[in-house]
Amino acid sequence: MPELPEVERAARIARRAALGKTLARITLLHPSLLRRVTPPQLHALVGATVAGVLRRGKHQLLELEDGRTIHVHFRMAGDWHIGRVDDDLPRQARATLEFTDGTRVSLVDPRALSTLSVHEVGDSPLPELGPEPSDPALTPSSLRAALARRNGPIKPVLLDQRIIAGVGNIYASEALWRSRISPRASASGLRTARLASLLAALRDVLGPAARLPGRYKAARDSARIAVYGRAGKPCRRCSRPISRIVQAGRSTFFCSSCQRS
DNA sequence: CGTATCCTGACC
DNA sequence: GGTCAGGATACG
């Protein structure tokens, strides 16, 4: 499920469910969650109140009034499910956050790759991340500078969260298709004009949360996914078949006819 | 740089 | 049974 637009939506849902509420109980339902958090850390959260729910890239931060932070990353398949403490647990619930008002926020994840960690005051919960797509300081020339020392093809580099936070495998392919740039084009070789169109395409395809402040985009066409998963089907621009290749272990979909290096 | 790894489920 | 999966990281 989750790239930036889906995580943005999830963070909103969590915010509506949890903001201002006080934790009554946190339960881990799958041992994979123990990779980043200990039961004592979780028990110590009881009684804390959620002061804010933020998204940064694909990361979610539940900021507590006392300055601690709960960090959640959905990885490939995580999502929130909101319910009440006496509801049946959703299938594949991996952790639950229960609040004193009876709200239950469940982390559901069929693959159990999601991570949850607790950070004390002064302990930064986030890894090194590039700018948000919506950051006005992100410009074609700043992007060019960020790519200057990168050797390989552009598509895998776009997945590096230190370049632009929140770009994932689907929308990387989509943005390259929209800007007619080959996924195999050299990252450091792209000139500012082409990066301007790539950046515009990324902001467009990543949805409202990725747009520059104050800019609207009217139509959310159903053709938002133009290439991903469409190997062999006709390109929506030139009708030639879409190709699938593997780069850095991930699928890339593109049109070898109208996307050029 | 590429590859393996963490997990489970869907699909061929 | 094998392959693939919208992510990230640890390795060689």
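Residues numbered from 1 in each chain as written. Chains lettered and ligands numbered in written order. Predicted model: local features only at pLDDT ≥ 70, side-chain atom pairs only at ≥ 80, totals over all residues. Heavy atoms only, no water.

A. Broad picture of the packing of aromatic side chains. Inspection of every chain in the model, using the stated rule, returns 2 aromatic pairs. Ring geometry for Phe74 against Trp80: centres 5.4 Å apart, planes inclined by 70 degrees, an arrangement best described as edge-to-face. One exposure class covers both Phe74 and Trp80, and it is buried. Between the aromatic rings of Tyr228 and Phe253, the centroid separation amounts to 4.9 Å while the plane-to-plane angle is 65 degrees, which identifies the pairing as edge-to-face. Pair noted here: Tyr228 is in the loop between helix H6 (192-205) and strand E9 (243-247) and Phe253 is in strand E10 (residues 250-254), with a separation of 25 residues, a long-range link. Phe253 sits in the buried class, given a relative accessible area of 7%. Here the guanidinium or amino end of Arg237 rests over the ring plane of Trp177, the centre of that ring lying 4.1 Å away. (Phe/Tyr/Trp six-rings, centres within 6.5 Å; stacked < 30°, edge-to-face > 60°. Buried < 20%, exposed > 50% of the residue type's maximum accessible area, 1.4 Å probe, protein only. Helix = DSSP H or I, 4+ residues; strand = E, 2+ residues; numbered from the N terminus. Lys NZ or Arg CZ within 6 Å of the ring centre and 35° of its normal.)

B. View of the sheet that holds strand E6 (residues 93-99). Spatially, 4 strands are ordered E1-E6-E7-E5 in an open sheet, and the strand pairing comes out antiparallel. Each edge of the open sheet carries a strand with a single partner, namely strand E1 (23-28) and strand E5 (79-84). Taking each pair of neighbouring strands and ignoring which way they run, the sheet shows an average axis angle of 20 degrees. With 5 bridges connecting them, E1 and E6 associate as antiparallel partners. The residue of E6 that forms the bridge with Leu23 is Phe99. Lying on the sheet, helix H1 (residues 4-18) is in contact with E5, E6 and strand E7 (103-108); it crosses E5 at an angle near 25 degrees. (Pairing = 2+ DSSP bridges. Axes fitted to C-alpha atoms, helices over the stretch in contact; angles between N-to-C directions. Contact = heavy atoms within 4.5 Å.)

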